[in-house]
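Below, each chain spelled out in residue letters.
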Amino acid sequence: MSAPHLLHTVLDAVEVRREAEFWRQLLGLVYRPGDEAGEGDDEVDWLVLTRDDGTRVLAFQQVAEQARSTWPSPEVPQQLHLDLTVDTPAELSAQRDRAVGLGAKVLLDRSADEDEQLYVFADPEGHPFCIFVA
């Protein structure tokens, strides 16, 4: 018997287009055909991002509300987070600036850690993610 294939990871979002735009720009992805932004379509409730070859990566589903993770405090857990890697400390610094410029908030700065240089961020909807040197 074969195993199922992962199609994409879905993130809940109150503001679906804003969330999709953040991840599209950060990861250099594109919208699935038909999901591109158009005039007056900010009322979307489902968007999909792909690689240039059409391989799905992330999808975003509208929710009326969601509690933001309070990580590292345990009141509202992460529930899911994404790990992203870069090759060098210089790239880590550059990607930190990009992420913040796109609307991320730094939750933890371990960029000076000799064993594992990383930043933990919250995206515009509060989903935690890490960028680290690997």
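For the structure, check the block above.
Residues numbered from 1 in each chain as written. Predicted model: local features only at pLDDT ≥ 70, side-chain atom pairs only at ≥ 80, totals over all residues. Heavy atoms only, no water.

**Quick notes on the overall build of the protein**
Across its full length, the protein carries two helices and eight strands. Starting at the N terminus, the α and β elements of the protein follow one another as β-α-β-β-β-β-α-β-β-β. Relative to the 2.2 N^0.38 estimate, which gives 14 Å for 134 residues, the radius of gyration of the protein is 16 Å and therefore close to what a compact globule would have. With the C-alpha coordinates of the protein rotated into their principal frame, the extents come out at 45 × 40 × 35 Å. Among the 134 residues that make up the protein, the fraction classed as buried is 33%. The contacts of the protein with a sequence gap of at least 6 include a subset with a gap of at least 24, amounting to 55%. Total accessible area computed for the protein in this model is approximately 8,100 Å², and 50% of it derives from carbon and sulfur atoms. For the protein, the distance from the average position of its 11 positive side-chain charges to the average position of its 26 negative side-chain charges is 1 Å. (Helix = DSSP H or I, 4+ residues; strand = E, 2+ residues; numbered from the N terminus. Rg over C-alpha atoms; globule rule 2.2 N^0.38 Å. Buried < 20%, exposed > 50% of the residue type's maximum accessible area, 1.4 Å probe, protein only. Contact = heavy atoms within 4.5 Å. Areas by Shrake-Rupley, 256 points an atom, 1.4 Å probe, with all protein chains shown as cover. Lys, Arg positive; Asp, Glu negative; His and termini not counted. Charge placed at Lys NZ, Arg CZ, Asp CG, Glu CD.)

**Side note on the pattern of salt bridges**
A complete count under the given rule lists seven salt bridges for this structure. Among the ionic pairs, D97 bridges to R96, the shortest N-O distance being 3.3 Å. With a closest N to O distance of 3.3 Å, R110 and D113 form a salt bridge. If you follow the salt bridges from partner to partner, you end up with E15, R18 and E125 in one network. (Salt bridge = Lys/Arg side-chain N within 4 Å of Asp/Glu carboxyl O.)

**Regarding the sheet that holds strand β1 (residues 9–13)**
Read from one edge to the other, the open sheet built from four strands follows the order β1-β4-β3-β2, with strand pairing classed as mixed. One side of each edge strand has no neighbouring strand; the edge strands of this open sheet are β1 and β2 (30–31). The sheet contacts of helix α1 (residues 16–27) involve β1, β2, β3 (46–50) and β4 (56–62), and relative to β4 the element is tilted by about 160°. (Pairing = 2+ DSSP bridges. Axes fitted to C-alpha atoms, helices over the stretch in contact; angles between N-to-C directions.)

**Re the sheet that holds strand β5 (residues 82–86)**
Across the sheet, four strands lie side by side as β5-β8-β7-β6; this open sheet has mixed pairing. In this open sheet, the two edge strands, each paired with only one partner strand, are β5 and β6 (105–110). Averaged over all pairs of adjacent strands, the angle between strand axes in this sheet comes to 20°, irrespective of strand direction. Inspection of the sheet shows β6 paired to strand β7 (residues 118–122) by five bridges, in the antiparallel sense. Note on β7: the bridge partner recorded for D109 is Y119. This element, α1, spans β5 and β8 (128–133) of the sheet and lies at about 25° to β5.

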